Amino acid sequence: MAFGAVSADERPVVLENTSGKSDFVILCDHASNRIPLPLLDLGLPGDALKAHIAWDPGALGVSKALSRMLDATLVYPTISRLVVDCNRMLDAPDLVPEVSEATVIPGNAGLDEEARDRRVRMVHEPYHEMIDAVLEERSGQGRASILVAIHSFTPVYKGVARPWEIGILSDLDRRLADAMLTDLRRDEALTVGDNEPYAPGDGVYYTLTQHGEARGLPCVMVEIRNDEIADLKAEEAWARRLATTLQAAREAVVTKSV
């Protein structure tokens, strides 16, 4: 699979460590808060674009560290979910949100179908095409693939505190999730959520439904509270913990499958 030598800022999607030997493929749906210049920051001030509404702070740092530690391929978009959310169905009401939490997004107000389609073609479509291409290539090589989507969430949402440091999300396929929950809950200092603070019924499992469950691949979504990964040291620490947990979960899944 050949890709041009273009900077990450110029590509809507980035693929890293394509030669990674691991079974794991890391996805980071909300990696970036970048708004392409023609969209004029969607009419938002800079502080809004640094906030969680625009991206998942810390998630890309954890994803990159995991990719390195596990020797895993990593795929992520370089455009903010405020432009178009790569982890939403194409008919989802929040695919291009007019309001995110309590923030009105002026640049998303009243978009017609053509404008929404341009947003989809800008990043949503190439992101999912890239994931498909990676998985097809691995399948053609006879390689196994285990999908792990890394996200982060806010400590407080609409005035309600969230006690979980980490949440493990799964839908029909709970193979990885159950093994990870068992491993993480051995640490009594952690509050671990099972389909918390979100669940697939909230519409947040699109990427893994499309590329994991539809192919029968083991898959799991990891949500880390963003105050837990507020700097590089914390990102690395959580990546190390997750690398150990994921490797143990992989062994459990393989053992059950034999």
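In this text, all values refer to a predicted model and were calculated from it rather than measured experimentally.

A. Seen up close, the nonpolar core. Counting residues in hydrophobic clusters, the biggest one holds 39 residues, and the most contacted among them are Leu27, Val75, Leu82 and Leu208. At the level of elements, β1 (13–16), β2 (24–27), α1 (46–50), α3 (113–140), β6 (146–153) and β11 (219–225) are the ones that each hand at least two residues to this core. Leaving out residues up to four positions away in the same chain, Leu27 has contacts with Ser63, Val75, Tyr127, Ile131, Leu147, Val148, Ala149, Ile150, Thr207 and Leu208. Grouped together as the second largest cluster of nonpolar side chains are 38 residues, Val192, Val220, Ile229 and Trp238 included.

B. Broad picture of the pattern of salt bridges. The tally for this structure, following the rule as stated, stands at 17 salt bridges. One salt bridge connects Asp94 with Arg88, and the closest N-O pair in it is separated by 2.9 Å. For Asp94, a relative accessible area of 31% translates into the label partly exposed. Judged by its relative accessible area of 11%, Arg88 is buried. Taking the shortest distance from any N to any O, the salt bridge between Arg241 and Asp187 comes out at 3.1 Å. One end of the pair, Arg241, is in helix α6 (residues 232–257); the other, Asp187, is in the loop between α4 (175–184) and β10 (192–194), with 54 residues separating them in the sequence. We classify Arg241 as partly exposed; its relative accessible area is 33%. Each of Asp23, Arg250 and Glu251 takes part in salt bridges that share partners, so that together they form one network.

C. Region of the structure containing the sheet that holds strand β9 (residues 166–169). One open sheet accounts for seven strands, arranged β1-β3-β2-β6-β11-β9-β10; its pairing is mixed. Only two strands of the sheet have a single neighbouring strand rather than two, namely β1 and β10. Across the sheet, the mean angle separating the axes of adjacent strands is 20° when strand polarity is ignored. Where β2 and strand β3 (residues 73–77) come together, three bridges link them in parallel fashion. When the sheet's bridge partners are listed, Leu27 is paired in β3 with Val75. Here α3 sits on the sheet in contact with β1, β2, β3 and β6, set at roughly 165° to β3.

D. Up close: the confidence of the model for the protein. Per-residue pLDDT for the protein averages 94, and the proportion of residues at 70 or more is 95%. pLDDT under 50 marks residues 1–8. Its contacts with residues more than four places away, or in other chains, come to nine contacts.

E. Region of the structure containing the packing of aromatic side chains. Applying the stated criterion across every chain yields a total of zero aromatic pairs. The ring of Trp238 carries the charged tip of Arg241 above its face, separated from the ring centre by 4.9 Å.

F. α3, seen in detail. When the local axis directions of α3 are compared, the greatest deviation, roughly 45°, occurs at Arg121. Listed as buried for α3 are Ala115, Arg119, Val120, Val123, His124, Tyr127, His128, Met130, Ile131, Val134, Leu135 and Arg138. The N-cap of α3, judged by a side-chain oxygen 3.3 Å from the amide nitrogen of Glu114 a few residues on, is Asp112.

G. Up close: the environment of Ile168. With respect to the helices and strands, the residue Ile168 is situated in strand β9. Since its relative accessible area comes to 0%, Ile168 is described here as buried. Residues Ile168 and Gln247, 79 residues apart in the sequence, show an inter-C-alpha distance of 15 Å. With near-sequence residues (within four places) excluded, Ile168 lies in contact with Ala177, Met180, Leu181, Leu184, Val192, Gly193, Asp194, Asn195, Glu196, Val220, Met221 and Val222.

H. Fine view of the side chain of Glu213. Along the chain, Glu213 turns up in the loop between α5 (206–211) and β11. For the buried Glu213, no salt bridge is present, and the opposite-charge side chain at shortest range is Arg175, 8.0 Å distant. With residues up to four places along the chain from it excluded, the contact list for Glu213 reads Asp171, Leu172, Asp173, Tyr205, Leu208 and Cys219.

I. Seen up close, the pairing of β3. Across the five residues that make up β3, a large majority, five, are buried. Burial of the side chains of β3 extends over both faces: Thr73, Val75 and Pro77 are buried on one face and Leu74 and Tyr76 on the other. Both β1 and β3 contribute to a ladder of four bridges, which runs antiparallel. Within β3, the residue paired with Glu16 across the bridge is Leu74.

J. Seen up close, helix α2 (residues 59–70). Taking 1.5 Å of rise per residue, the 12 residues of α2 would be expected to cover 16 Å, and the 16 Å separating its terminal C-alpha atoms lies within 8% of that figure. Once α2 finishes, Asp71 follows within two positions and takes phi at roughly 55°, a positive value.

What counts and how
- All residue numbers here refer to positions counted from 1 along the written sequence of the relevant chain.
- Where local features are concerned, this predicted model is filtered to residues with pLDDT of at least 70; where side-chain atom pairs are given and counted, the filter is 80 or more; whole-chain, interface and lining totals use all residues.
- As a rule here, side-chain values come from all non-hydrogen atoms in the structure, and water together with hydrogens is ignored.
- The definition of a nonpolar core used throughout is a set of buried Ala, Val, Leu, Ile, Met, Phe, Trp, Tyr and Cys residues joined through side-chain atoms within 4.5 Å.
- Only protein chains enter the accessibility calculation, which uses a 1.4 Å probe; a residue is then buried when its area is under 20% of its type maximum, exposed when over 50%, and partly exposed in between.
- Note on conventions: DSSP H or I runs of at least 4 residues are helices, E runs of at least 2 residues are strands, and numbering of each starts at the N terminus.
- Two residues form a contact once any of their heavy atoms are found within 4.5 Å.
- When a carboxyl oxygen of Asp or Glu lies within 4 Å of a side-chain nitrogen of Lys or Arg, that pair is called a salt bridge.
- DSSP bridges decide pairing: two strands pair if at least two such bridges lie between them.
- Between N-to-C directions, angles span 0 to 180 degrees; the directions come from axes that are lines fitted to C-alpha atoms, helices contributing only their stretch in contact.
- pLDDT measures how confident the predictor is about each residue, on a scale from 0 to 100.
- Pairing of aromatic rings covers Phe, Tyr and the six-membered ring of Trp, with a centre-to-centre limit of 6.5 Å; geometry is then stacked below 30 degrees between planes, edge-to-face above 60, and tilted otherwise.
- Two conditions define a charge sitting above a ring: the NZ of Lys or the CZ of Arg must be within 6 Å of the ring centre, and it must be within 35 degrees of the ring normal.
- By definition, a residue's bend is the angle between the axes fitted to the seven residues ending there and the seven starting there.
- Side-chain atoms alone can form a polar contact between residues adjacent in sequence; in general such a contact is a pair of N or O atoms within 3.5 Å, and within protein one must be able to donate a hydrogen while the other accepts it.
- The positive count covers Lys and Arg only, the negative count covers Asp and Glu only, and His and the chain ends enter neither.
- Multiplying 1.5 Å by the helix residue count minus one yields the expected span of that helix.

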